[in-house]
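Examining the three-dimensional arrangement
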Amino acid sequence: MATVKKNNKKKIIIPICIVLVAAIAAGSVFAATKSNSGTAVQLTTITSGDIYETVSLTGEVTAGTKKEYKVGTVATVKEVFVKVGDKVKKDDVLATFDVTQLDSQIGDLQSSYNKSLKSYNDSLASYKNSKKKADELKKEVEKLEKKLATLQKEAITTKKVTTAKKTTITKRATTTKRATTTNIDISDIDIPTISSTTQKPTTTTTTTTTTTAESTTAPTVQEAVAALMEQMAQLNETLTRITDDLETLSTTMQIISNTIAGFLSQGITDSDVIAQAVGEAVSQALNEGVIDAANLLIESDIAVTMIKEAVSAIDFEGITDTVVNSDNVTLSATQVQLAAAYAQYAVYAAQANDTFLETQKSSLDAMKKALDTLKSQKSEMENGWKAAFDGTITAVDISEGEQTTLISTGITLENLDTMTATVSLSEYDVHKVKLGMPAAIKSAYGEYEGEVVSIAPTATGGSTGSILDSVGSMAGISGLSSLTDTGAGVECQVSIKDTDENIIAGFDAKVEIHTGEYEGIIIVPIESVKLEKTGTYVYLYNEEESTVTKTKIETGATSDTGYEVKSGLKAGDRIISAPESTYEEDTFKVKVKTK
């Protein structure tokens, strides 16, 4: 009888499956438990409270009233009546001087100022004249441009009609009559534009006639004017080397351009002939006083020679041949006049620029200020330096019989009965601080009451604000830039009340300006807030769903511990006490921890 063998493998697999099922079940239970519990957090309940906002800074203690008597010039000290530490009364004489030397200094400076004033007035008159002339020449240029365009159009029309008369073979009597009439209707003729090179006749003609008409080309006005302008500009440069007087330059250029235009209108294009005539015209103008020889930078005969050479260098024949036929010299003459007007306009437009005038005015103002200061110093030193108020002498840098220097300090008078602390406000704090705000001044020996008495209108001490103030503002800390040497600041003075011997000028003191009191407001703790580029956020708790949601809030006043909440939260709301930076979702399940 055969025996049947039992399968032992089956007995081993069954226990393994049971273990795996149990493990999977346990894992599912654990995962479900973790999912239901959520992230463990601790909550804070929002309440109302008070914020007393301050700006905290470090400042230097100085005398409330201070006057520095500066010499600022060279003089001889007669007598000095005070020394450091002396207490003086208002109008007490501090020192006297021999100011005899100042008379010559003032005289020299006055003479220089008078010359500068005359130069400025001359420049101002020249500026006004140049501006007027430039406006006149601009109108003249516009007038000549219109005339030139008309002459160009007429020249093209004349050529076309002349060619049509010589070559047109008509097929109809009406066409023949219109082509030979003396009263030509411009509307019946196809006038080419300035840039055209070929034209089509409007009349009905044979193939031979069309070819003849199309072979006639018209040069552009731009090319002609550009060539003339280049030549006239070189002529104008020659004139600027001959005279720096604008009126003389303008008159000379006008005589030259009129002479050239007159010759071209007669069909004379020989450069040497025209140059000789121009030289004679300029010489005559010099002899008759039309051109003032006193305004020339060189001898008049040399000036005439330079002008003749510059005119003879112009290729009038080449230019006129390029522009029109020899029988249309009026167009060439107009182009010469236009080019001359362009050249003159360029000169006057450059002189009408007010940049140089403004530089002269600034220099003149500075000289006037120096003169007034020197006169004031003479008057003050002549009568002797007198105390402007009751106070204490804190510095003496002059002595009897010595010659003063421009860098001598002189005498310093301070009223030490009133003291101030000078601080620097950053761009983040300056808008919080106002005149009259109370302040606390803390020194090594005690605390004193104070008040904001002055705020400078502009910032000094740096080119940019310190980045520390930006960070400090977000954290509710003011004045971090005062701890560094970087960043510009606005000088602010805080008076110190009820001073005593423990407040010493020159020492540093802590200054805390009270910028506002906010009572009964909604406050959120600083540690509960997340500051991001897009705004200020908290994580608001939803008790029904056991979730928190990232919520944007608007803040106002700040203190060392909290922010005022203007919107986004209300009293009784619960938020995460100290949110972490690793949250990946804006809304997620949480498990509230108890303290």
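Rules used throughout
Residues numbered from 1 in each chain as written. Predicted model: local features only at pLDDT ≥ 70, side-chain atom pairs only at ≥ 80, totals over all residues. Heavy atoms only, no water. 1 Å grid on protein atoms, 1.4 Å probe; cavity = no way out; pocket = protein on both sides within 12 Å on 5 of 7 lines; lining within 4 Å. Points joined across faces, edges and corners; volume = space filled by probe spheres on them. Helix = DSSP H or I, 4+ residues; strand = E, 2+ residues; numbered from the N terminus. Nonpolar A, V, L, I, M, F, W, Y, C, P; charged D, E, K, R; others polar. Pairing = 2+ DSSP bridges. Core = buried A, V, L, I, M, F, W, Y, C linked by side-chain atoms within 4.5 Å. Buried < 20%, exposed > 50% of the residue type's maximum accessible area, 1.4 Å probe, protein only. Contact = heavy atoms within 4.5 Å. Expected span 1.5 Å × (residues − 1). Polar contact = N/O pair within 3.5 Å; in protein donor to acceptor, adjacent residues only side chain to side chain. pLDDT = per-residue confidence, 0-100. Salt bridge = Lys/Arg side-chain N within 4 Å of Asp/Glu carboxyl O.

Observations regarding empty space enclosed by the protein
Applying the stated criterion across every chain, the model contains 4 cavities of 30 Å³ or more. The computed volume of the second largest cavity comes to approximately 60 Å³. Along its surface, the second largest cavity is lined by Leu239, Ile242, Thr243, Thr252, Val282, Leu286, Ile291, Leu296, Ala303, Val304 and Ile307. Secondary structure elements with two or more residues in the lining of the second largest cavity: helix H5 (221-242), helix H7 (271-287) and helix H8 (300-312). With 3 residues, the single largest contributor to the lining of the second largest cavity is H8. Residue classes in the lining of the second largest cavity are distributed as 9 nonpolar, 2 polar and no charged.

With respect to the pairing of strand S8 (residues 391-396)
Sheet topology note: the strand S5 (residues 87-88)/S8 ladder contains 2 bridges and is antiparallel. Each bridged residue has a counterpart across the sheet, and for Val88 the counterpart in S8 is Gly391. Summarising the sheet, S8 and strand S9 (residues 411-425) pair through 4 bridges and their orientation is antiparallel. Residue pairing in the sheet places Ala395 in a bridge with Thr412 of S9.

Re the nonpolar core
With 29 residues, the main nonpolar core has Leu94, Phe97, Trp385, Ile398 and Ile411 as its most contacted residues. Elements represented by at least two residues in this core include exactly strand S4 (76-80), strand S6 (93-98), helix H2 (100-167), helix H11 (355-382) and S9. The residues touching Phe97, leaving out its near neighbours within four places in the chain, are Thr76, Val77, Lys78, Met381, Trp385, Ile398 and Thr404. In this structure, Ala275, Ala285, Leu296 and Ala310 belong to the second largest nonpolar core, which totals 27 residues.

With respect to H7
In this model, H7 (17 residues) spans 24 Å end to end at C-alpha, consistent with the 24 Å of a helix rising 1.5 Å per residue. All of the buried residues along H7 are Ser271, Ile274, Ala275, Ala277, Val278, Gly279, Val282, Ala285 and Leu286. With a side-chain oxygen lying 2.9 Å from the backbone nitrogen of Asp272, the N-terminal cap of H7 falls on Asp270. In the segment just after H7, Gly289 is the residue with positive phi, at about 85 degrees.

Some remarks on the confidence of the model for the chain
Confidence in the prediction for the chain averages 75 pLDDT; 69% of positions are at 70 or higher. Overall, residues 165-219 carries pLDDT values under 50, and its contacts beyond four positions in sequence, including any with other chains, amount to 63 contacts.

A short note on unusual backbone geometry
Apart from glycine, the bulk of residues carry a negative phi angle, and the bulk of peptide bonds sit in the trans form. With phi around 50 degrees, Asp498 is a residue other than glycine that occupies positive phi space. Even without being a glycine, Ser546 presents a positive backbone phi close to 55 degrees. Residue classification places Ser546 among the partly exposed positions, given a relative accessible area of 27%.

Section: the environment of Ala440
Along the polypeptide, Ala440 turns up in strand S10 (residues 438-443). Here the alpha-carbon distance between Ala440 and Thr54, two residues 386 residues apart in the chain, equals 10.0 Å. Discounting chain neighbours no more than four positions away, the residues touching Ala440 are Glu447, Tyr448, Lys510, Val511, Glu512 and His514.

Focus on the pattern of salt bridges
In this structure the tally under the stated criterion is 10 salt bridges. Ionic pairing is found between Asp86 and Lys83, a salt bridge with its closest N-O pair at 3.3 Å. For Asp86, a relative accessible area of 22% gives the class partly exposed. Between Glu532 and Lys550 there is a salt bridge, and its shortest N-O distance comes to 2.9 Å. Of this pair, Glu532 sits in strand S14 (residues 530-532) while Lys550 sits in strand S16 (residues 547-558); the two residues are 18 residues apart in sequence, bridging distant segments of the chain. Using a relative accessible area of 30% as the deciding quantity, one classes Glu532 as partly exposed. Several salt bridges share partner residues, and in doing so they unite Lys66, Glu68 and Lys70 into one network.

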